[in-house]
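# Structural overview
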Amino acid sequence: MDPYVFTKRIEEDSWRQAERHVTAAGFWGNFQWVAGGLAAVLAAAASGSAFSNNATAAGLLALGAAASAALVTALRPGDISTQHLRAAASYNALQATARDLWQFGLDEVPSDQRDRLRALTATWVEVTSASPRVPRRLLKKAKKMTDESLNYYPSP
């Protein structure tokens, strides 16, 4: 494969992955706010209704609060969001490296060029293996957003 085409492909793939991970980070951050906020609201409502004569309502509200809090604790959406943000930053750095390589570094002697392409590939593998999986639904959402030019990072 032509080194120029290969490097441009790594740049575009890195950009797409960065956009996907930013979308996933946003989803998990929002999930934490919604589920955590729901737990707080339900707990407050349960404590308020505990002083009324409606023990059933208080119990159901407390159960909902406990379930929401357990969901946030078990899924750790804040941690997942942070992992996706880290992955997005790593892919963005890889995109910049690939762009610099095809713009400024492909006029080297073939052996140096080959070494830089191998290093770029090794970095791609490293970043990909360290990144969390992006759910399919969020892949579709990220694609829709990039198709509408609602990008977080500058597109290649």
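Throughout what follows, the structure given in this document is the object of discussion. (Residues numbered from 1 in each chain as written. Predicted model: local features only at pLDDT ≥ 70, side-chain atom pairs only at ≥ 80, totals over all residues. Heavy atoms only, no water.)

### Section: the packing of aromatic side chains
One pass over the full model with this rule turns up six aromatic pairs. Ring geometry for W28 and F31: centres 5.5 Å apart, planes at 70°, overall edge-to-face. Of the two residues, W28 and F31 both sit in helix α1 (residues 3-49), three residues apart, roughly one turn of that helix. The class of W28 is buried, set by a relative accessible area of 14%. Its relative accessible area of 22% is what places F31 among the partly exposed residues. Linked through ring pairs, F27, W28 and F31 together constitute an aromatic cluster. (Phe/Tyr/Trp six-rings, centres within 6.5 Å; stacked < 30°, edge-to-face > 60°. Helix = DSSP H or I, 4+ residues; strand = E, 2+ residues; numbered from the N terminus. Buried < 20%, exposed > 50% of the residue type's maximum accessible area, 1.4 Å probe, protein only.)

### Observations concerning a nonpolar patch on the surface
A surface patch of nonpolar side chains, amounting to about 330 Å² of accessible area, comprises M1, Y4 and V5. Turning to its location among the elements, Y4 is positioned in helix α1. (Patch = residues over 30% accessible without salt bridge, like charges linked within 9 Å, V, L, I, M, F, W, Y side chains within 5 Å. Areas by Shrake-Rupley, 256 points an atom, 1.4 Å probe, with all protein chains shown as cover. Salt bridge = Lys/Arg side-chain N within 4 Å of Asp/Glu carboxyl O.)

### Points about unusual backbone geometry
The backbone of R76 sits at a positive phi, close to 50°, despite the residue not being glycine. As for its placement among the helices and strands, R76 is situated in the loop between α2 (55-75) and α3 (77-105).

### Observations concerning helix α5 (residues 136-147)
Helix length check: α5 (twelve residues) gives 16 Å between terminal C-alpha atoms against 16 Å at 1.5 Å per residue, within 8%. Taken as a whole, α5 has its buried residues at L138, A142 and T146. All buried residues of α5 project into a common sector of 75° when viewed along the axis, lining one side. In α5, the exposed positions angled more than 90 degrees off the buried face are occupied by R136, R137, K140, K143, K144 and D147. Along its buried surface, α5 packs onto α1. Of the residues one or two after α5, S149 is the one with positive phi, at around 60°. (Expected span 1.5 Å × (residues − 1). Arc of directions from axis to C-beta. Contact = heavy atoms within 4.5 Å.)

### Quick notes on the environment of K141
By the element assignment, K141 lies in helix α5. With 121 residues separating them along the chain, K141 and R20 place their C-alpha atoms 8.4 Å apart.

### Structural notes on the nonpolar core
Ranked by internal contacts, the top residues of the largest apolar core, which has 16 residues, are I10, Y91, L94, L101, L120, W124 and Y153. Of all elements in the fold, only α1, α3 and α4 (110-130) reach the threshold of two or more residues within this core. Examining the composition of this core, we find that six residues originate from one element, α3, more than from any other. Apart from residues lying up to four places away in sequence, W124 is in contact with I10, D13, S14, Q17, Y91 and L94. (Core = buried A, V, L, I, M, F, W, Y, C linked by side-chain atoms within 4.5 Å.)

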